[in-house]
Amino acid sequence: MEEFRRAYARLCAAGGAAPQEAVLRRLRELGGAPGRGRLDLAAQSLSLETCGALGRLLPGAAPFAEVALGDCGLSEEGGRGPSDHLGLLFQGNNLRTVGAEALGKLLRQNKSIRRLILEWNSLGVWEEGFSFFCQGLGANNFLQRLDLRNNQINHQGAGELAVALKQNASLQELDLRWNNIGLLGGRALLNCLHSNKTLKRLELAGNNVPSDILKAVEQAMDHNQDRQTILSETQNRAYILSKEVLSLKDEKTKQFLDLMDTIDKQREEIARNGRMSAARVSQLQEALDEQHSIMNSLKAKLQMTEAALALSEQKVHNLGELLNATKQEQTSMAERHFTELHRLAEGADREGRLLRDLSTASEKNLLLRNQVDELEKKCKVQQDQLFQVKQDLTNTTAELKLRAVQAEERLEMEKRRFKQSLEDMESLRVKEVDHMTQHIEASERSMQDRIQRLEAIRIALEEELSQVKAAALTERGQAEEELIKVRNQARLEEQQRLEHLEEKLRLMTESRDEAQNCCLKQKQMVAETQAKANQLSLHADGLRRRLEELQQDLNSKEEEKVTEVNKVKVELQEQIGHLQAERTAQDGLREKIAALERQLKALSSNHREALLDKEGEISMLLEKLRMKEADISRMREEEAQRASFLQNAIMAYVQGSPLGTHSSRK
C-alpha cells in the first residue's frame, strides 16, 4: 500500500500537480488493512491529474478489490482515467458521450472487470455514445454485473442494449430501473432473451413497461436460472463420472501389473525347470557312457573266455593243468563279475536319484497347475468387472429414459399452459371488444378517427396472434420431431453398445476355454510322463532281479566247475546268451532315454507355446482395455450431446410458448 501511495505522489508530481490530501488520507487508512481492500473515494472532488494517475496505476497489480468513485464530479476527460479493475463504481458523475465511448473501449479491451456501477449518470442522452458503449458490452465476455439506473435510456438505447445482450455471454445481472425504456424497449429486451441464456436478473421497474412484458421477462429469467442449475448438475455428474472412470482405470492398471508380475514369476520358474532338466539330461548321458564302457569290458572278457576254450580243446591231454588254469581264470572272472555287480548297484543308485528328480519335477508341475488355477480365478474376476460395467450401462440407460419421460411431462405441462393462456387471451379479447363497442357507441360522432386507429391496431394484433400461433405450432412440431429422432438414436446406440459388449464377452469366454484346453493338455502330458517314469522304475526292478539271477548262476557255476569241462562250455554259452540279452535290454534303455529326451524337448516347446499364448492373451486384454476406455469416453461425449440437444429443444419450446402469450396480450 505504501508503494502505491508513493507511485501516486510521483505521478502527480510528474504531471505538475500536488497529490490530493483526501486520496492520500484514504490510502493511509487502508495501509494497515489485510488483504485486498476497498478504495472509497466517493463524494470527493477529484482533479483531472488525480484521475489520470489513478488510471495509470490501477491497471497494474493494485492492492484493491474495488474502487468507488461515486459523486466525484468527474468530467468527460476524468472518466477516462480509472479503467482496469475487478469492480468500478461511477455513480453520480454525469458521464455522457465521451465517457460512454471511453467505457465502451474499456469493455472491449478489458478482461478483469466483473462489476460496473454507472447509476445516476447521463449515458443515454446521446445515442451515438451509448451505441458505442453497447458495442463494447457485446464484445466483452467477462463482465457479470452492470448497473444503469437513472441514465435517461430511451427505447432506442434499449434496442442497442438488446443487440449487445444477444452477443454477450457472461453478464448475469442488469439493472435498468428508472429510465425511459417504454413499450418498444421492453419488447426489444424481451426478444433478445431468446438468444441470451446467461442473464439471471433483469430489473425494469420505473420504465413504463407493461406488466405482461415484465412477467414475460421474469419467466425468461426463471428459465435461465433453471438452465444454469441444470448445467451445473450435468457438470457435477460429468465430473463424478470422470472420477469413476479414473478409478476404474487405476484398478485395471493395478490388476494388469499384478498379472504381469505373476507371468514373470512363471517365466522364471519355467527357465529354472529347463536348466534343471538340462542338468539331469547331462547326468543321464554320463550314466549311459559308463554303461557303454562296462559293455566294452564285458565284450573283452568274452573274447578272452573264447580264447581259453580254444586252448582247452587243443590241449585235451593236459586236462589237469587246463582245469587248474580254468579254475584260476574263473576265480579272476568271479572277482571281475563282483566288481561289475558293484558298478551295477551304483547304477541302480543313480537310477533312484533320477526317480527322485522326476518326483520333484512332478511337484513343480503341480505348482504350475496351481498357478493356472489362479489365472483362471483372475479371469473370473475380470468377467465380474465386465458384468459390473454392463450394470452401469443399464443404469445410465435407465437414467436417460427417466430424463426423456420428465421432458415429455414438461412438454405436456407446457401444452396445457399454452392452451389455458390461449383461452384466457380469447376471453380477454372478447371482453375488450365488448368494452370497445360500448365506448364506440357512446362516442361515435366525436371519436371516428380513434375508432379507425383501434381497428387497425386490432387487425395488427390478430395478425401477430396468428403468426405467433403458427410459430408455436411449427416449434412444437420441430421439438416433437427432434425428441423422436433423439429417442430413436439413443435406442440404436444402446442396441449397438449391447451387441458390442456381448461380442466382447463371447470372445473372453472363448479365450478362457482355450486356456482351459491348454491346461488340460499340459495335465495329460504330465500324467504321461509320470506313467513313463513308473515304467522306467519297473524296468529298473527287472534289471535288479536279473542281476540277482546272474549272481545265483555264478554261484552254481563255481560249484559245477570241478565236475566237467563240457558243462563249463555250456555254462559259458549260457552266460553269452544272458549278456546278449542284457545288451538288448541296455539298447532298449538307450531308446527309452532318447524318447524321454524327446518328450522333455516337446514339453519345453509346449511351455514356450503356452507362454506365447499367454502373452498374446495379455496383449488382447490390453487392446480390450483401450477399446473400453475409448467406448466410455465416446459414451460420455454422446450423453453430453444428447443432454445438450434435449435441453436446447425444451428451452426453445419453453421460451417460445410464453412469447406467444405476451405478444397476443399486447
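Cut-offs applied
Residues numbered from 1 in each chain as written. Predicted model: local features only at pLDDT ≥ 70, side-chain atom pairs only at ≥ 80, totals over all residues. Heavy atoms only, no water. Helix = DSSP H or I, 4+ residues; strand = E, 2+ residues; numbered from the N terminus. Buried < 20%, exposed > 50% of the residue type's maximum accessible area, 1.4 Å probe, protein only. Contact = heavy atoms within 4.5 Å. Areas by Shrake-Rupley, 256 points an atom, 1.4 Å probe, with all protein chains shown as cover. Axes fitted to C-alpha atoms, helices over the stretch in contact; angles between N-to-C directions. Parallel < 35°, antiparallel > 145°, perpendicular 65-115°, else oblique. Left-handed = near helix turned anticlockwise from the far one by under 90°. Patch = residues over 30% accessible without salt bridge, like charges linked within 9 Å, V, L, I, M, F, W, Y side chains within 5 Å. Salt bridge = Lys/Arg side-chain N within 4 Å of Asp/Glu carboxyl O. Lys, Arg positive; Asp, Glu negative; His and termini not counted. Charge placed at Lys NZ, Arg CZ, Asp CG, Glu CD. Core = buried A, V, L, I, M, F, W, Y, C linked by side-chain atoms within 4.5 Å. Expected span 1.5 Å × (residues − 1). pLDDT = per-residue confidence, 0-100.

Identification of the protein as Leucine rich repeat containing 45 from Aquila chrysaetos chrysaetos is taken from an unreviewed UniProt entry.

### What to know about the overall build of the protein
Of regular secondary structure, the protein possesses eleven helices and seven strands. With 666 residues in all, the protein has 33% of them scored as buried. Nonlocal contacts in the protein, meaning residues at least 24 apart in sequence, comprise 81% of its contacts between residues at least 6 apart. Accessible surface, the protein: about 39,500 Å² in total, of which carbon and sulfur atoms supply 53%.

### A look at the packing of helix 1 (residues 2-14) against helix 2 (residues 21-29)
Their axes nearest at 9 Å, the elements helix 1 and helix 2 cross at an angle of 165°. Regarding the angle of helix 1 to helix 2, the classification is roughly antiparallel. Along this stretch, helix 1 crosses helix 2, giving a crossing that reads as left-handed. Residue-level contacts link Phe4, Arg5 and Tyr8 of helix 1 to Val23, Leu24, Leu27 and Arg28 of helix 2.

### What about a negative patch on the surface?
A contiguous patch of negative charge on the surface is contributed by Glu101, Glu127, Glu128 and Glu160. The residue glutamate 128 is located in helix 5 (residues 127-139) in this model.

### Considerations on the environment of leucine 344
Mapping leucine 344 onto the fold places it in helix 9 (residues 319-442). With relative accessibility at 31%, the residue leucine 344 sits in the partly exposed group. Along the backbone, leucine 344 and isoleucine 294 are 50 residues apart, and their C-alpha atoms lie at a distance of 9.2 Å.

### Things to note about the nonpolar core
Leu118, Phe133, Leu146, Leu148, Leu174, Leu176 and Leu189 are the most contacted members of the largest nonpolar core, which totals 40 residues. Mapped by element, the contributors of at least two residues to this core are helix 4 (97-109), helix 5, helix 6 (155-167), helix 7 (182-192) and helix 8 (211-314). Those residues within four positions of leucine 174 in sequence are excluded, and the remaining contacts are Leu146, Leu148, Leu165, Leu199, Arg201, Leu202 and Glu203.

### Section: the side chain of asparagine 151
Position of asparagine 151 among the secondary structure elements: in the loop between strand 5 (145-147) and helix 6. Its relative accessible area of 0% is what places asparagine 151 among the buried residues.

### Quick word on the side chain of glutamine 599
Checked against the element boundaries, glutamine 599 lands in helix 11 (residues 565-665). According to the relative accessible area criterion, glutamine 599 is buried, its value standing at 16%. When sequence neighbours within four positions are dropped, the list of residues in contact with glutamine 599 reads Thr529 and Lys532.

### Points about the environment of lysine 521
Looking at the secondary structure, you find lysine 521 in helix 10 (residues 448-560). Along the backbone, lysine 521 and asparagine 606 are 85 residues apart, and their C-alpha atoms lie at a distance of 9.5 Å.

### Comments concerning the packing of helix 6 against helix 7
When two helices pack together, their arrangement is given by the angle between the helix axes and by the axis-to-axis distance. Following both chains from N to C, one finds helix 6 and helix 7 inclined at 5°, their axes separated by 8 Å at the closest point. The pairing of helix 6 with helix 7 is recorded here as roughly parallel in orientation. Judged by residue contacts, His155, Ala158, Gly159, Leu161, Ala162, Leu165 and Lys166 of helix 6 engage Leu184, Gly185, Ala188, Leu189, Asn191 and Cys192 from helix 7.

### Some points on helix 1
For helix 1, which comprises 13 residues, the first-to-last C-alpha distance of 18 Å matches the rise-based estimate of 18 Å (1.5 Å per residue) to within 8%. Glycine 16 lies just past helix 1 and shows a positive phi near 80°.

### Details of the confidence of the model for the protein
Note that predicted coordinates carrying low pLDDT should not be read in detail. The predicted model of the protein averages 77 in pLDDT, with 82% of residues at 70 or higher. Summarising per-element confidence for the protein, the mean pLDDT is lowest in strand 3 (residues 87-89) (58) and highest in strand 6 (residues 173-175) (93). Low confidence marks residues 76-86, where pLDDT is under 50. Its contacts with residues over four positions away, or in another chain, come to 47 contacts.

### Concerning the pattern of salt bridges
Where charged atoms from two side chains of opposite charge approach closely, those side chains can pair. Across all of its chains, the model carries 14 salt bridges by this definition. Taken together, the shared-partner salt bridges connect Glu119, Asp147, Arg149, Asp175 and Arg177 into one network.

### Details of unusual backbone geometry
The backbone of asparagine 150 sits at a positive phi, close to 55°, despite the residue not being glycine. Even without a glycine there, the phi angle at asparagine 208 is positive, about 60°. Checked against the element boundaries, asparagine 208 lands in the loop between strand 7 (201-203) and helix 8.

### Side note on the environment of serine 511
The residue serine 511 is located in helix 10 in this model. Judged by its relative accessible area of 17%, serine 511 is buried. Separated by 106 residues in sequence, serine 511 and glutamate 617 place their C-alpha atoms 7.6 Å apart.

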